[in-house]
Amino acid sequence: MSAADLFSFFYQFADVFAFLILSASGLAIVFGMMGIINMAHGEFIMCGAYVTVGLVNLGVPLALAQILAAIAAGLIGVVVEYFIVRRFYKRPLDSLLATWGLSLIVTQSMLLIVGSSIRGIGTPEGSFAVGDYTFSTYRLVLFACAVAVLVGLYIIFMKTRFGVLARATMQNAAMAKALGARTGRIYAISFGIGAGLAGLCGALYAPTMTLIPTMGATFIVESFVTVVVGGANVLLGTAPAAIFLAMIRMALNASYGQIIGQIGMLFAVIMIIRILPEGLSSVLVRRGR
Amino acid sequence: MESRHLLRIAFLGLMLGAAGFSTAQAADPSLKVGLLEDVSGDLAFMGMPKLHGSQLAVEEINKSGGILGRQVELIHLDPQGDNARYQEFARRLLNRDKVDVLIGGITSASREALRPIVDRTSTPYFYTNQYEGGVCDANMISTGAVPEQQFSTLIPWMVEKFGKKVYVVAADYNFGHISAEWNRKILKGLGGEVVGEEFIPLGVSQFAQTIQNIQKAKPDWLLMLNVGAAQDSFFEQAAAAKLNLPMGSSIKIMLGFEHKRFKPPALNNMHATANWFEEIDTPEANAFKKRWHAKFPNEMYINDMGYNAYHAIYMYKMLVEKAKSTKLADLRKVIATGDACIDAAEGRICIDPKSQHTSHRMRLISVGPQHQVTVEKDYGVIQPYWLGQIGCDLTKSNPKDQYTPNHLPKKS
């Protein structure tokens, strides 16, 4: 195997990994940690993409627009938490219905207000060649962002006071409250971070995709699958799940094409859920202790 | 309580009476056109112009006195890209609303979902998209372009201009598979070679692996048969990876207006053969565009589906007026005369009696680096001849089948 093919393998792996991590990280917090089955996850992604495109069209530089879009999605997340999600912490199955309704309302409203499609902004220039292959530099930026998101989440949830309080609240809200944690605010901020990460995903993929109101749907299967395979722990679950699924999908995509890649990935998911109903993190966390 | 209840019933009765009165008042009942087009979901951006085209045609016809003096009532339902919903809504339009004609369907999958239901009735059905061809069904009239009009023109031109090695990226359903079959057949005749074929599930939006497979196979050009907003992301990702290959398609530009939706130069060097694209610059086309944009000023692009949907209703009007009837059998008698033609914005188009498909004036267009569209070649009017050649003759028998180059009628 030539060096070019080897690099190509790494690049394809990085590409799938970035897609899984970026689309799943927000959901890992909202669904994995908080237990809210957020069917509107894709709409937060769409929100990030649309805000990015809107800002770029107003003349804002792309990178700044993407950061602002993630913040906007995060703030909307806090509002949604306050008015809707807050009522469903003890009723996880009802949260599915409520957020699904929200998702339908949002996609249909966007369709009516903004129209069925808006013009894309184009991927930032930059490509490089290895052997016979040419690659887009921006896809490696996405990989770097995915790694940065994981590092960021590690710092927030493991190294800060807020992280300790948040983990305490998710494990036992009543006890945390009794010890003086302001659980309402912690839930709101956590949901906001989850929504903001979804927005970041949309913002980062906005230049590379067709922009339509239902674009979130292309992310939602992968994000749920990654979180379910990963289990409740964001760092010890989502990240290894993404590595595992990316390896399978990349290998099958490369040898048998996209259909088999998709089938194979979902088959692996079924096997894992069958063997480890609590997800990969149930094994990894136990080992760590 | 009792009296209030009575009042309510009285009120209801009054309303019912009023409703009955108003329908009795109209001299002739209106002519009902059932329309099934996606205006939400992954294909909404191309379904919207279809709805608009139908609305525009109905408005114009009603303003000029209707069809045989009857006003046209358009009943549109949105199946949201779901084939089960297509079937459910088709039954509702046919059985409950008792529409005089059924129009619509975007993907070939939705059309094949509809056909068995329409075939059980004696209602005419218009399919208004370009498609992979081959449907030989007496209930169906196809107004879009078919492979002998699109592929038999485009593929030889691409081979001559760019080379014999082709890589196919196609959506993984009947349209993609049958179109790829056409490509293999035509390439074989030209001594060309398919160096790669990839079928992509609908909804897939990430193409880094596909792009690399293409680079490995080193084709001279790409045949792009990807469908839907998600799969269109290919163009942006291929441009970012500097794939820089010429592309051909039967559905890009005039149908999906990717050159308007993506930032240049993502669609640079794309080629397609079309009976309609908004850039056509003739007096008839310009008049048509002017009427359209007056009613729908925010339309991003008048695509060929929208154009065909508009003319399908005029086609129906012509058939009904010549037959002086709305019955399918009478309409088909008009078609059988071979003189079922209308003057469309592209020129005069006629329904072929054997296949009930439509002749079209085809042009080969290409997209430049600034996404400007130029006409490379004008083929004039091309008949939908293939079905007739292989033995489909709806004036004699009705097989209700879809034929492909590998699935031909049995010789009797």
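Note that the structure is a prediction, hence the values are computed from the model and not measured.

1. Re the overall build of chain B
Next, step 1: The number of helices and strands found in chain B is 14 helices and 16 strands.
Next, step 2: For the C-alpha atoms alone, the extent of chain B along its principal axes is close to 80 × 55 × 40 Å.
Next, step 3: Taken across its 412 residues, chain B has 60% of its residues classed as buried.
Next, step 4: Within chain B, contacts between residues at least 6 apart in sequence are counted, and of these 69% link residues at least 24 apart.
Next, step 5: Counting 46 positive and 44 negative side-chain charges, chain B places the centres of these two groups 2 Å from one another.

2. Digging into the layout of surface pockets
Residue and element names in this part refer to chain A.
Next, step 1: Here the second largest pocket is characterised by a volume of approximately 830 Å³.
Next, step 2: Only helix H1 (3-33), helix H5 (137-159), helix H6 (161-171), helix H9 (217-230), helix H10 (234-256) and helix H12 (280-288) provide two or more residues apiece to the lining of the second largest pocket.
Next, step 3: Residue composition of the lining of the second largest pocket, by class: 17 nonpolar, seven polar and four charged.

3. Let's talk about the environment of Thr-238 of chain A
All names here are of chain A.
Next, step 1: Locating Thr-238 in the fold gives a position in helix H10.
Next, step 2: For Thr-238 and Leu-20, which are 218 residues apart along the polypeptide, the C-alpha to C-alpha distance reads 8.9 Å.
Next, step 3: Sequence-distant contacts of Thr-238, defined by excluding residues within four places in its chain, comprise Ile-21, Ala-24, Ala-28, Thr-226, Gly-230 and Asn-233.

4. A word on empty space enclosed by the protein
All names here are of chain B.
Next, step 1: According to the stated counting rule, one finds three cavities of 30 Å³ or more in the structure shown.
Next, step 2: Estimated volume of the largest cavity: approximately 160 Å³.
Next, step 3: Contributing to the lining of the largest cavity are 20 residues, with Gln-130, Tyr-173, Val-227, Ile-251 and Leu-255 lying nearest its centre.
Next, step 4: Grouping the amino acids of the lining of the largest cavity by side-chain chemistry returns ten nonpolar, seven polar and three charged.

5. Quick word on the nonpolar core
Next, step 1: Ranked by internal contacts, the top residues of the largest apolar core, which has 206 residues, are Tyr-205 and Met-215 of chain A together with Leu-36, Phe-126, Leu-222, Phe-234 and Leu-319 of chain B.
Next, step 2: At 15 residues, H1 of chain A tops the list of elements feeding residues into this core.
Next, step 3: Phe-234 of chain B has contacts with Phe-207, Thr-210, Ile-211, Ile-214, Leu-222, Met-224, Asn-226 and Leu-243 of chain B, leaving out every residue within four places of it along the chain.
Next, step 4: Ala-4, Tyr-11 and Tyr-133 of chain A together with Ala-208 of chain B belong to the second-largest nonpolar core, a separate cluster that totals five residues.

6. Focus on the interface of chain B and chain A
Next, step 1: Chain B puts 40 residues into the contact, and the matching count from chain A is 39 residues.
Next, step 2: Taken as a group, Gln-206, Gln-209 and Gln-212 of chain B account for 20% of the area that chain B buries against chain A, more than any other trio of residues on that side.
Next, step 3: Where chain B touches chain A, the interface holds two salt bridges.
Next, step 4: The partner of Asp-132 of chain A in a salt bridge is Lys-218 of chain B, with the nearest N and O atoms 3.0 Å apart.
Next, step 5: Joining chain B to chain A, the criterion identifies 16 residue pairs in polar contact (both at pLDDT 80 or more).

7. As for helix H4 (residues 92-114) of chain A
Next, step 1: The terminal C-alpha atoms of H4 of chain A lie 32 Å apart, and with 23 residues this matches the ideal 33 Å at 1.5 Å per residue to within 8%.
Next, step 2: Listing the buried residues of H4 of chain A in full gives Ser-95, Thr-99, Leu-102, Ser-103, Thr-107, Met-110 and Leu-111 of chain A.
Next, step 3: Those residues of H4 of chain A that are buried are in contact with helix H2 (41-57) and helix H3 (62-83) of chain A together with helix H2 (44-63) of chain B.
Next, step 4: Backbone geometry just after H4 of chain A places Gly-115 of chain A at a positive phi near 105°.

8. Observations regarding the pairing of strand E15 (residues 373-382) of chain B
A regular strand places its side chains so that they alternate between the two faces of the sheet.
Residues and elements named next belong to chain B.
Next, step 1: Pairing of strand E14 (residues 360-367) with E15, which is carried by eight bridges, proceeds in the antiparallel orientation. Directly across from Met-362, in E15, lies its bridge partner Gly-380.
Next, step 2: Where E14 hands over to E15, the hairpin turn is made up of five residues, of which His-371 adopts a positive phi near 65°.

9. Structural notes on the side chain of Asn-183 of chain B
Next, step 1: Mapped onto the elements, Asn-183 of chain B comes out in helix H6 (residues 174-190).
Next, step 2: Excluding residues within four positions of it along the chain, Asn-183 of chain B makes contact with Ile-155, Val-166, Val-168, Val-194 and Leu-223 of chain B.

10. Observations regarding the state of the cysteines
Structurally, a disulfide amounts to a covalent bond that connects the sulfur atoms of two cysteines.
Next, step 1: Per the counting criterion, the structure on display carries two disulfides over all chains.
Next, step 2: Here Cys-136 of chain B engages in a disulfide with Cys-392 of chain B; their sulfurs sit 2.1 Å apart. Between Cys-136 of chain B and Cys-392 of chain B, the S-S torsion sits near 85°, and that sign places the bridge as right-handed. Linking Cys-136 of chain B in strand E5 (residues 135-136) with Cys-392 of chain B in the loop between helix H14 (386-390) and strand E16 (401-402), this pair joins segments that are 256 residues apart in sequence.
Next, step 3: Should the bonded cysteines of chain B be numbered as they appear in the sequence, the pairing reads 1-4, 2-3.
Next, step 4: Summary of cysteine pairing: Cys-47 of chain A is not part of a disulfide, and the nearest cysteine sulfur, belonging to Cys-201 of chain A, is at 12 Å.
Next, step 5: Exposure remark for Cys-47 of chain A: the relative accessible area of 14% places this residue in the buried category.
Next, step 6: There is no disulfide at Cys-201 of chain A, and the cysteine sulfur nearest it, in Cys-145 of chain A, is 11 Å away.

11. Some thoughts on the environment of Thr-282 of chain B
Residue and element names in this part refer to chain B.
Next, step 1: By secondary structure assignment, the location of Thr-282 is in the loop between strand E11 (270-274) and helix H11 (283-295).
Next, step 2: Considered as a pair, Thr-282 and Glu-346 are 64 residues apart in the sequence and their alpha carbons are 8.3 Å apart.
Next, step 3: Apart from residues no more than four positions distant in its own chain, Thr-282 is found in contact with Ala-345 and Arg-363.

12. Brief notes about the pattern of salt bridges
Next, step 1: Taken as a whole and assessed by the stated rule, the structure comprises 27 salt bridges over all chains.
Next, step 2: With a closest N to O distance of 2.8 Å, Arg-91 of chain A and Asp-94 of chain A form a salt bridge.
Next, step 3: On the basis of relative accessibility, which here comes to 32%, the residue Asp-94 of chain A falls in the partly exposed class.
Next, step 4: Glu-258 of chain B is paired through a salt bridge with Lys-252 of chain B; the nearest N and O atoms lie 3.3 Å apart.
Next, step 5: According to the relative accessible area criterion, Lys-252 of chain B is buried, its value standing at 2%.

13. Notes on the packing of H1 of chain A against helix H7 (residues 208-217) of chain B
For any two helices packed against each other, the geometry is given by the interaxial angle and the distance between the axes.
Next, step 1: Interhelical geometry of H1 of chain A versus H7 of chain B gives an angle of 160° and a closest axis separation of 10 Å. In terms of orientation, H1 of chain A and H7 of chain B fall into the roughly antiparallel class. Of H7 of chain B, the residues touching H1 of chain A (which contributes Asp-5, Ser-8, Tyr-11, Gln-12 and Asp-15 of chain A) are Ala-208, Gln-209, Gln-212 and Lys-216 of chain B.

14. Points about the packing of aromatic side chains
Next, step 1: Applying the stated criterion across every chain, the model contains 35 aromatic pairs over all chains.
Next, step 2: Considering the side-chain rings of Tyr-127 of chain B and Tyr-131 of chain B, the 5.5 Å spacing of their centres and the 80° angle between planes classify their relative orientation as edge-to-face.
Next, step 3: Residue classification places Tyr-127 of chain B among the buried positions, given a relative accessible area of 1%.
Next, step 4: With a centroid separation of 4.8 Å and an interplanar angle of 65°, the aromatic rings of Phe-288 of chain B and Tyr-310 of chain B are classed as edge-to-face. Taken together, the residues Phe-288 of chain B in helix H11 and Tyr-310 of chain B in helix H12 (residues 304-323) connect sequence positions 22 residues apart.
Next, step 5: Phe-288 of chain B gets classed as buried once you look at its relative accessible area, which sits at 1%.
Next, step 6: Judged by its relative accessible area of 2%, Tyr-310 of chain B falls in the buried class.
Next, step 7: Through a chain of ring-to-ring contacts, three or more aromatic side chains come together here, namely Phe-7, Phe-10, Tyr-11, Phe-13, Phe-17, Phe-128, Tyr-133, Phe-135 and Phe-143 of chain A.
Next, step 8: Here Arg-261 of chain B stacks its cationic end above the ring of Phe-257 of chain B, 5.7 Å away from the centre of that ring.

15. What about the domain arrangement of chain B?
Residue and element names in this part refer to chain B.
Next, step 1: Segmentation of chain B into domains returns domain 1 (31-146 + 280-363 + 382-402) and domain 2 (148-274).
Next, step 2: Taking only C-alpha atoms, the centre of domain 1 and the centre of domain 2 are 27 Å apart.
Next, step 3: With 31 residues of domain 1 at the contact, the number on the domain 2 side is 30 residues.
Next, step 4: Taken as a group, Phe-45, Glu-132 and Tyr-301 account for 25% of the area that domain 1 buries against domain 2, more than any other trio of residues on that side.
Next, step 5: Our count for the contact surface shared by domain 1 and domain 2 stands at zero salt bridges.
Next, step 6: The interface formed by domain 1 and domain 2 includes 14 residue pairs in polar contact (both at pLDDT 80 or more).
Next, step 7: Of all the elements in the fold, those that place two or more residues in the side of domain 1 that touches domain 2 are H2, helix H4 (108-119), H12, E14 and H14.
Next, step 8: Top contributing element to the side of domain 1 that touches domain 2 by residue count: E14, with four residues.
Next, step 9: Within the side of domain 1 that touches domain 2, the residues separate by chemical class into 15 nonpolar, ten polar and six charged.

Here is what the cut-offs are and how they apply
Residues numbered from 1 in each chain as written. Chains lettered and ligands numbered in written order. Predicted model: local features only at pLDDT ≥ 70, side-chain atom pairs only at ≥ 80, totals over all residues. Heavy atoms only, no water. Helix = DSSP H or I, 4+ residues; strand = E, 2+ residues; numbered from the N terminus. Buried < 20%, exposed > 50% of the residue type's maximum accessible area, 1.4 Å probe, protein only. Contact = heavy atoms within 4.5 Å. Lys, Arg positive; Asp, Glu negative; His and termini not counted. Charge placed at Lys NZ, Arg CZ, Asp CG, Glu CD. 1 Å grid on protein atoms, 1.4 Å probe; cavity = no way out; pocket = protein on both sides within 12 Å on 5 of 7 lines; lining within 4 Å. Points joined across faces, edges and corners; volume = space filled by probe spheres on them. Nonpolar A, V, L, I, M, F, W, Y, C, P; charged D, E, K, R; others polar. Core = buried A, V, L, I, M, F, W, Y, C linked by side-chain atoms within 4.5 Å. Buried area = accessible area lost by both parts, 1.4 Å probe. Salt bridge = Lys/Arg side-chain N within 4 Å of Asp/Glu carboxyl O. Polar contact = N/O pair within 3.5 Å; in protein donor to acceptor, adjacent residues only side chain to side chain. Expected span 1.5 Å × (residues − 1). Pairing = 2+ DSSP bridges. Disulfide = S-S within 2.5 Å. Axes fitted to C-alpha atoms, helices over the stretch in contact; angles between N-to-C directions. Parallel < 35°, antiparallel > 145°, perpendicular 65-115°, else oblique. Phe/Tyr/Trp six-rings, centres within 6.5 Å; stacked < 30°, edge-to-face > 60°. Lys NZ or Arg CZ within 6 Å of the ring centre and 35° of its normal. Domains from an automatic or database assignment.

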